[in-house]
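Read off the chains here:
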Amino acid sequence: MWLWGAVQASGAESQRLLVGARASIPLQELAAASCFGDSLEALRGRSVLLFAPDPFTASLALIELDGVARRMVLCPPDLSPAYFAQIVDEAECDAWVGDASPAAALGVPTAVVPTAPRASVVERRASHETEWILLTSGTTGAPKLVVHTLASLTNAFAGRAAPAPGTVWSTFYDIRRFGGLQILLRALLGSSLVLASPKEPVADFLTRAGAAGVTHISGTPSHWRTAMISGATAKITPRSVRLSGEIADQAVLDALRRTFPNAEIAHAFASTEAGVGFEVRDGQAGFPATLLDAPDLPAEIDISEGRLRLRSAGCAQRYLGQDAAPLRSADGFVDTGDRLELKDGRYHFMGRSGGVINVGGQKVHPEEVEAVINSVPCVHLSRVAARKNPITGAVVVAEVVVTSQVTIEGATAGEELKRTILEACRKTLAAHKVPAAIRFVPALEVGPSGKLIRANA
């Protein structure tokens, strides 16, 4: 499949739009327009680093570069310039698309600044099966470069039934990250798309999405909690609400059901390396054990020693770089690093293998404790972390954001709420998992990837 050709072939008889914060374009007009013009041929066969902060411009560049570039490196707008040299080296970049200022200093010989689409006579032909390079969204250390193709990125939905007429997608994700790129490609193959803009206030984004008639919208649980506390969710009336990227606990699923009573609420599992695994639509946290044997899933599911593994044509091919570790095991599965626990015929996500708190030799997954705290009616969001302790090595502590309807001013109200939270934890969790301290905070920081930023207390 070639993206530019697929965009022109999909929904050719319908008016489909790509909508940015400051510009929009009917996708059919791309047949006679280009943001590169004559410069497109200078990028043919090259390894292109794409760093265009505006997602509208970046989306148009992706459409034109697939099948032309031999490799595209999708850099999110918040990427630290400190990583450019590593990425240029590992991806063997010989072309730069976007802000051209760093290109010369990094020894990249060709630099092109894309423009607004303009009428152009451009030779359209696919000469390469382009490698799409995505960066992992790890919170520490240099990002890993993950190799996909258009076929692997569209494995979960390509060739399936066309979307209903009038479908309009949107997402809180940036389209340079896996979650956002999935929605971009899904929309380009048959519907319209409203793009979020970096640092755009959530109320402004939802107002634009509502004005465009958004019907399907996705984001992380943290994205959705931010949206619900903003009071702006009334701006949209979607038919489908989707969560991915973080554990969807019962509290956030129930809150979305109350907020959008007429929408289908689904949470999906996907990762940059493993691709799309599965989707759950029954309104419950976790997934039924029967899903492991369900037909027509995007991926094969394997649970080995409590860890989730996936295998499919949607998995990434490899990590890029001379010293890169293998991405897949010998049997072709990708270990996602997510830990699961089977309870009453249903698997529940406990957290990431690397995020465990060690309390006197006993393991605590922060997300498990957060799910209990978040279930307390007046709690909006929580974050659990470790605090050093001279006896046990660490203890569990929690930061809590309350809903806007609750006030904790005054010592009495705050202590009463802490007691309520601790009672819920003691009722559900083992003693070593119960927070030793609770602190109320006005907000918790969500990173550019849409995930809660985690750090030790």
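Here we summarise the structure given alongside this text. Think of each chain on its own: its residues are numbered from 1, step by step along the sequence as written. Local features in a predicted model are, by the rule used here, given only for residues with pLDDT of at least 70; side-chain atom pairs are given and counted only at 80 or more, and totals for whole chains, interfaces and linings are based on all residues. In computing side-chain properties, one takes all heavy atoms of the structure into account and sets aside hydrogens as well as water.

Further remarks concern the overall build of the protein. Helix and strand definitions here come from DSSP, where helices need a minimum of 4 consecutive H or I residues and strands a minimum of 2 consecutive E residues; each element is numbered from the N-terminal end. From N to C terminus, the protein includes 10 helices and 27 strands. Throughout, the radius of gyration refers to the C-alpha atoms, and the reference size of a globule is 2.2 Å times the residue count to the power 0.38. For 457 residues, the compact-globule estimate of 2.2 N^0.38 gives 23 Å, and the C-alpha radius of gyration of the protein, at 23 Å, lies within 12% of that figure. Projected onto the principal axes, the alpha-carbon positions of the protein cover approximately 70 × 50 × 45 Å. Residue burial is assigned from relative accessible area. The probe radius is 1.4 Å, only protein chains are included, and a residue is buried under 20% of its type maximum, exposed over 50%, and partly exposed in between. Scored against the burial criterion, the 457 residues of the protein give a buried share of 53%. Taking contacts inside the protein between residues at least 6 apart in sequence as the whole, the part at least 24 apart equals 64%. For the protein, the exposed area adds up to about 20000 Å²; of that, 51% sits on carbon and sulfur atoms. We call two residues in contact whenever any of their non-hydrogen atoms come within 4.5 Å of each other. Computed by Shrake-Rupley with a 1.4 Å probe, the accessible areas treat only the displayed protein chains as cover when residues are assessed.

The next point concerns the environment of aspartate 174. Note on placement: aspartate 174 falls in the loop between strand S11 (168-171) and helix H5 (178-188). What makes aspartate 174 buried here is its relative accessible area of 10%. Once the C-alpha coordinates of aspartate 174 and proline 261 are considered, the two residues, 87 residues apart in sequence, prove to be 27 Å apart. Discounting chain neighbours no more than four positions away, the residues touching aspartate 174 are Pro76, Pro77, Gly180, Leu181 and Pro198.

Next up on the list: the layout of surface pockets. Detection works on a 1 Å grid of protein atoms alone, calling trapped sets that fit a 1.4 Å probe cavities and calling open sets with protein on both sides within 12 Å along at least five of seven lines pockets, with lining residues defined by an atom within 4 Å of a point. Grid points are joined across faces, edges and corners, and a volume is the space filled by probe spheres set on the points. Computed from the structure, the second largest pocket encloses a volume of approximately 1000 Å³. Lining the second largest pocket are 39 residues, and of these Phe157, Ala161, Pro163, Trp169 and Arg186 sit closest to its centre. Looking at the lining of the second largest pocket, the elements with two or more residues in it are S11, strand S14 (240-243), strand S15 (264-271) and strand S16 (275-280). Residue classes in the lining of the second largest pocket are distributed as 19 nonpolar, 12 polar and eight charged. Note on residue categories: nonpolar means Ala, Val, Leu, Ile, Met, Phe, Trp, Tyr, Cys or Pro, charged means Asp, Glu, Lys or Arg, and polar means any other residue, Gly included.

Moving on, we come to the pairing of S15. With respect to burial, S15 is a largely interior element, six of its eight residues being buried. DSSP bridges decide pairing: two strands pair if at least two such bridges lie between them. Sheet topology places S14 next to S15; four bridges connect them, and they run parallel. Along S15, the bridge assignment pairs serine 240 with glutamate 264. With the strands aimed away from the viewer, a crossover counts as right-handed if its path from the first strand over the helix to the second runs clockwise. After leaving S14, the chain enters helix H8 (residues 250-259) and then returns to the sheet as S15, a path that is right-handed. Where S15 and S16 come together, five bridges link them in antiparallel fashion. By the bridge assignment, histidine 267 is partnered in S16 with valine 280. From the end of S15 to the start of S16, which pair antiparallel, there are three residues.

Further remarks concern the side chain of arginine 309. Within the element layout of this structure, arginine 309 appears in strand S19 (residues 307-311). On the basis of relative accessibility, which here comes to 15%, the residue arginine 309 falls in the buried class. What qualifies as a polar contact is a pair of N or O atoms within 3.5 Å, subject to a donor-acceptor requirement within protein and to the restriction that residues adjacent in sequence count only when both atoms come from side chains. Here serine 329 takes part through its side chain, which lies 3.3 Å from a polar atom of the side chain of arginine 309. Of the polar contacts made by the side chain of arginine 309, one reaches the side chain of aspartate 331; its length is 2.9 Å.

So, about the nonpolar core. Side-chain atoms within 4.5 Å link the members of a nonpolar core, which is a set of buried Ala, Val, Leu, Ile, Met, Phe, Trp, Tyr and Cys residues. With 49 residues, the main nonpolar core has Leu18, Phe36, Leu62, Leu65, Trp132 and Leu181 as its most contacted residues. Setting aside its immediate chain neighbours within four residues, leucine 181 contacts Leu62, Leu74, Trp132, Leu134, Leu153, Asp174 and Ile175. Grouped together as the second largest cluster of nonpolar side chains are 26 residues, Val194, Trp224, Ile236 and Ile265 included.

Next up on the list: the environment of arginine 46. By the element assignment, arginine 46 lies in the loop between strand S3 (33-34) and strand S4 (47-51). Spatially, the C-alpha atom of arginine 46 lies 51 Å from that of glutamine 362, the residues being 316 residues apart in sequence.

Strand order in the open sheet made by the five strands is S17-S22-S21-S19-S18, with antiparallel pairing throughout. Looking at the sheet topology across the chains shown, the edges are occupied by strand S17 (287-288) and strand S18 (300-304). One ladder, built from two bridges, connects S17 with strand S22 (residues 346-352); its direction is antiparallel. Each residue of the ladder has a partner; that of proline 288, found in S22, is arginine 346.

Let us look at H5. Counting buried residues in H5 gives 10 out of 11 residues, a clear majority hidden from the surface. Every buried residue of H5 is accounted for by Phe178, Gly179, Gly180, Leu181, Gln182, Ile183, Leu184, Leu185, Ala187 and Leu188. A positive phi of about 160 degrees marks glycine 190, the residue just after H5.

Looking now at the packing of aromatic side chains. Aromatic ring pairs: the centre-centre distance and the angle between the two ring planes describe each pair. For this analysis, a ring pair means two rings from Phe, Tyr or Trp (six-membered ring only for Trp) whose centres lie within 6.5 Å, classed as stacked if their planes differ by under 30 degrees, edge-to-face if by over 60, and tilted for the remaining angles. Enumeration over the complete set of coordinates arrives at 11 aromatic pairs. An angle of 75 degrees between the planes, with centres 5.2 Å apart, marks the rings of phenylalanine 84 and tryptophan 96 as edge-to-face. Remark: tryptophan 96 occurs in strand S6 (residues 95-98) and phenylalanine 84 occurs in helix H3 (residues 84-90); sequence separation between them is 12 residues. For tryptophan 96, a relative accessible area of 0% corresponds to the buried category. When the centroid spacing of 4.8 Å and the interplanar angle of 55 degrees are considered together, the rings of phenylalanine 278 and phenylalanine 287 count as tilted.

A few words now on the packing of helix H7 (residues 221-230) against H8. Between N-to-C directions, angles span 0 to 180 degrees; the directions come from axes that are lines fitted to C-alpha atoms, helices contributing only their stretch in contact. Interaxial distance between H7 and H8 falls to 11 Å at its minimum, and their mutual angle equals 45 degrees. In terms of orientation, H7 and H8 fall into the oblique class. Seen along the crossing, H7 lies across H8 with a hand that is left-handed. The residues of H8 that touch H7, namely those facing Pro221, Trp224, Arg225 and Met228, are Val252, Ala255, Leu256 and Thr259. Of the residues contributing to the contact of H7 with H8, the split by class is six nonpolar, one polar and one charged. For classification, angles of less than 35 degrees are called roughly parallel, those exceeding 145 degrees roughly antiparallel, those between 65 and 115 degrees roughly perpendicular, and all remaining angles oblique. Note: crossing handedness is left-handed where the near helix turns anticlockwise from the far helix by less than a right angle, and right-handed where it turns clockwise.

Looking now at the pattern of salt bridges. A pairing counts as a salt bridge when a side-chain nitrogen of Lys or Arg comes within 4 Å of a carboxyl oxygen of Asp or Glu. Under the definition given, this model contains 28 salt bridges. Between glutamate 41 and arginine 125 there is a salt bridge, and its shortest N-O distance comes to 4.0 Å. Of this pair, glutamate 41 sits in the loop between S3 and S4 while arginine 125 is found in the loop between strand S8 (118-119) and strand S9 (131-135), placing the two residues 84 residues apart along the sequence. Among the ionic pairs, glutamate 200 bridges to arginine 208, the shortest N-O distance being 2.8 Å. The exposure class of glutamate 200 is buried, given its relative accessible area of 18%. One salt-bridge network, held together by shared partners, links Arg70, Arg71, Glu92, Glu131 and Arg318.

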